[in-house]
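Descriptive structure summary
So you can see what is in the structure, the chains are spelled out below.
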Amino acid sequence: MAGIYIHIPFCKQACHYCDFHFSTSLKNKDAFLLALQKEIVLQKDYLSNPIIKAEEPIEINTIYFGGGTPSILSQKELMNIFDSLHQHYTISGDAEITLEANPDDLTIAKIKELKNTPVNRLSIGIQSFYDEDLKMMNRAHNSKEALRVVKDSQDKGFENITIDLIYGIPTLSTKNWKQNLQTAFELNVKHISAYCLTIEPKTTLAHLVKEGKINNVDEQKSAEHFEIMLAEMRKNNFEQYEISNFCKDNCYSKHNSNYWLKKNYLGLGPSAHSYNGTSRQWNIANNALYIRSFEKDFDAGKQSRFEEETLTTSQQYNEYILTTLRTMWGTDLKYIENVFGNDYLSSCLIEADKYILLGDIRKENDKLFLNDKGKLIADKIASDLFVVD
Ligand SMILES: C[S@@+](CC[C@H](N)C(=O)[O-])C[C@H]1O[C@@H](n2cnc3c(N)ncnc32)[C@H](O)[C@@H]1O
Ligand code: SF4
């Protein structure tokens, strides 16, 4: 079992808070799609771990189109990608195939087009149902569209829909955050990803805050939004299976769960990351260089398409802590003992102890889990548990 992530590095408009890799110029789109086709072929053996060479081909059980804005792709462009994937990979008949879609792209015609592709899960970037928040963040859609697109996608047959929301936005009052959650529940989606607004360096939002044009994120308000979210999600039978991810009726994101459960994945497209059990590699986050690297006359000696690293034991251990502690499956102490050894286990237990005493972490059946209080400072706890070489 493994996943494929495909990064579509284009957006029509730059959101003020975003530091993901994308370009607002679409002039390279066709060249990117050609390069992607080449990468699909070139990377076909990456998931077959060179050490544990599998006899059966690795089955792909999730495909995830992320961005950027994958919903800018036409049905034909998507189908060309699926054709190549089917030609070179073994894709499970019931694979979860997710596409991130921006509300302004989701006209009825577009939803129908998407329904004619193998995409069976839509991840819609709503962020907020209030115009003042959407304007402040420079989103390309308005609140009316945010409401319409979920219903239209359901009407046209998409049953598996997840929406993204952001809390802690300076313009978002606590009352409106509660209402955003309520609206999400009423829309009857089975999965919600909710992120705390992060002011990333070098983004427009960071400049606006520096110039005093927008208030900074208020940590106390963000914590209050987080607590409200936990309570409301519980009331509405949503399970928090990762700090920012909630689902109902077992509609977990299979793709993201694969990351957290340390399954292998192949990332295609600029900035995409891959992991096959032994090596981690990431593609260059530059559209022109990514495209050039697949051109015939490119001097590969001068510019590599991707960087690669083999993780040290401590790096592997730190990554294990960072990903598992945030999930409802917890951090498995037996796994740490078996895979990393006794020194790592003792270091983990010593560091975890103080948080156990404070009530931020609980230990159950040889596993560590974050309590609600601990979830608020998850990154701090994880970094305290890290081992530094
Ligand atoms: C990179 S976007 C790609 C999806 C799609 N282009 C969209 O905007 O809906 C994935 C999600 O990350 C979240 N996100 C990105 N930057 C963020 C930030 N600085 N703070 C909080 N959430 C952020 C947003 O909720 C967004 O929907
Ligand atoms: S949040 Fe989404 S639409 Fe906005 S710039 Fe980032 S990737 Fe593009």
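Being a predicted model, the structure only gives us computed values, none of them experimental. (Residues numbered from 1 in each chain as written. Chains lettered and ligands numbered in written order. Predicted model: local features only at pLDDT ≥ 70, side-chain atom pairs only at ≥ 80, totals over all residues. Heavy atoms only, no water.)

Summing up its helical and strand segments, the protein chain has 15 helices and 15 strands in all. Relative to the compact-globule value of 21 Å for 389 residues, the protein chain shows a C-alpha radius of gyration of 21 Å, a close match. Within the protein chain, the fraction of its 389 residues that count as buried is 51%. Put simply, of all contacts in the protein chain between residues at least 6 apart along the chain, 70% involve residues at least 24 apart. (Helix = DSSP H or I, 4+ residues; strand = E, 2+ residues; numbered from the N terminus. Rg over C-alpha atoms; globule rule 2.2 N^0.38 Å. Buried < 20%, exposed > 50% of the residue type's maximum accessible area, 1.4 Å probe, protein only. Contact = heavy atoms within 4.5 Å.)

Secondary-structure assignment places Asn276 in the loop between strand S10 (273–275) and strand S11 (280–283). For Asn276, the side chain forms a polar contact with the main-chain oxygen of Tyr46, separated by 3.0 Å. (Polar contact = N/O pair within 3.5 Å; in protein donor to acceptor, adjacent residues only side chain to side chain.)

For the protein chain, the domain assignment lists domain 1 (2–259) and domain 2 (313–385). One C-alpha centre belongs to domain 1, the other to domain 2, and the line joining them spans 28 Å. Carbon and sulfur atoms supply 61% of the area that domain 1 and domain 2 bury against each other, a total of about 970 Å² over both sides. Our count for the domain 1 to domain 2 interface comes out at 2 salt bridges. Across the pair Arg326 and Glu242 runs a salt bridge whose closest N-O atoms are separated by 2.7 Å. (Domains from an automatic or database assignment. Buried area = accessible area lost by both parts, 1.4 Å probe. Salt bridge = Lys/Arg side-chain N within 4 Å of Asp/Glu carboxyl O.)

For the rest of this paragraph, the subject is empty space enclosed by the protein. One pass over the structure, following the stated rule, counts 1 cavity of 30 Å³ or more. Forming the boundary of the largest cavity are Cys11, Lys12, Gln13, Cys15, Thr69, Ile72, Asn102, Asp104, Asp105, Asn138, Arg139 and Ala140. For the lining of the largest cavity, a count of residues per class yields 4 nonpolar, 4 polar and 4 charged. (1 Å grid on protein atoms, 1.4 Å probe; cavity = no way out; pocket = protein on both sides within 12 Å on 5 of 7 lines; lining within 4 Å. Points joined across faces, edges and corners; volume = space filled by probe spheres on them. Nonpolar A, V, L, I, M, F, W, Y, C, P; charged D, E, K, R; others polar.)

Near ligand 1 you find 17 residues, and of these Gly68, Gln127, Arg139, Asp164 and Thr198 are the closest. Within the contact set of ligand 1, an oxygen atom lies 2.6 Å away from a side-chain nitrogen or oxygen of Gln127. Considered on its own, ligand 1 offers 550 Å² of accessible surface; in the complex 92% of this is hidden by protein. When residues of the shell around ligand 1 are traced back to their parent elements, those giving at least two are strand S4 (121–127), strand S5 (161–167) and strand S6 (191–196). Taken together, the residues of the shell around ligand 1 sort by class into 6 nonpolar, 7 polar and 4 charged. (Near = heavy atom within 4 Å. Areas by Shrake-Rupley, 256 points an atom, 1.4 Å probe, with all protein chains shown as cover.)

Another point: the site of ligand 2. Contacts to ligand 2 come from Cys11, Gln13, Cys15, Tyr17, Cys18, Phe22, Gly68, Thr69, Asn102 and Arg139. A per-class count over the shell around ligand 2 returns 5 nonpolar, 4 polar and 1 charged.

With that out of the way, let us pick up a negative patch on the surface. Judged by side-chain charge, Asp218, Glu219, Glu224 and Glu227 come together as a negatively charged surface patch. By the secondary structure assignment, Glu219 is in helix H8 (residues 219–235). (Patch = residues over 30% accessible without salt bridge, like charges linked within 9 Å, V, L, I, M, F, W, Y side chains within 5 Å. Lys, Arg positive; Asp, Glu negative; His and termini not counted. Charge placed at Lys NZ, Arg CZ, Asp CG, Glu CD.)

For Glu77, the location among the structural elements is in helix H2 (residues 75–88). Beyond its immediate chain neighbours, meaning those up to four positions away, Glu77 contacts Lys29, Asp30, Leu33 and Ile72.

Axis separation between helix H12 (residues 333–340) and helix H13 (residues 342–358) bottoms out at 7 Å; the angle between their running directions is 145 degrees. Taking contact as the criterion, the partners of Leu333, Ile336, Glu337 and Phe340 in H12 are, on H13, Asn342, Tyr344, Leu345, Cys348 and Leu349. For the contact of H12 with H13, the residue count by class is 7 nonpolar, 1 polar and 1 charged. (Axes fitted to C-alpha atoms, helices over the stretch in contact; angles between N-to-C directions.)

Looking now at helix H3 (residues 108–115). Given 3.6 residues per turn, any residue in an α-helix points the same way as the ones three and four places further on. Those residues of H3 lying buried are Lys110, Ile111 and Leu114. Looking straight down H3, one finds that the buried residues subtend no more than 100 degrees of arc, so they occupy a single side. On its buried face, H3 is in contact with H2, strand S3 (90–101), S4 and helix H5 (143–155). (Arc of directions from axis to C-beta.)

So, about the sheet that holds strand S15 (residues 367–370). Read from one edge of the open sheet, 3 strands run S13-S15-S14, paired in antiparallel fashion. Every other strand in the sheet has two partners, leaving strand S13 (331–332) and strand S14 (361–364) as the edge strands with one partner each. (Pairing = 2+ DSSP bridges.)

Phe65, Leu85, Ile163, Leu165 and Ile336 are the most contacted members of the largest nonpolar core, which totals 98 residues. The residue makeup of this core includes at least three contributed by each of domain 1 (2–259) and domain 2 (313–385). Aside from chain neighbours lying at most four places away, what touches Leu165 is Ile126, Gln127, Ser128, Phe129, Trp177, Asn180, Leu181, Ala184, Ile192, Ser193, Ala194 and Tyr195. (Core = buried A, V, L, I, M, F, W, Y, C linked by side-chain atoms within 4.5 Å.)

One pass over the structure, following the stated rule, counts 20 aromatic pairs. With a centroid separation of 5.6 Å and an interplanar angle of 85 degrees, the aromatic rings of Tyr317 and Phe340 are classed as edge-to-face. Residue Tyr317 is found in helix H11 (residues 313–325), and its partner Phe340 is found in helix H12; the two are separated by 23 residues along the sequence. Relative accessible area serves as the criterion here: at 11%, Phe340 is assigned to the buried category. Between Tyr320 and Tyr335 the ring centres are 4.6 Å apart and the planes differ by 20 degrees, which places this aromatic pair in the stacked class. Remark: Tyr335 occurs in helix H12 and Tyr320 occurs in helix H11; sequence separation between them is 15 residues. The buried category is assigned to Tyr320, whose relative accessible area is 6%. Exposure remark for Tyr335: the relative accessible area of 34% places this residue in the partly exposed category. (Phe/Tyr/Trp six-rings, centres within 6.5 Å; stacked < 30°, edge-to-face > 60°.)

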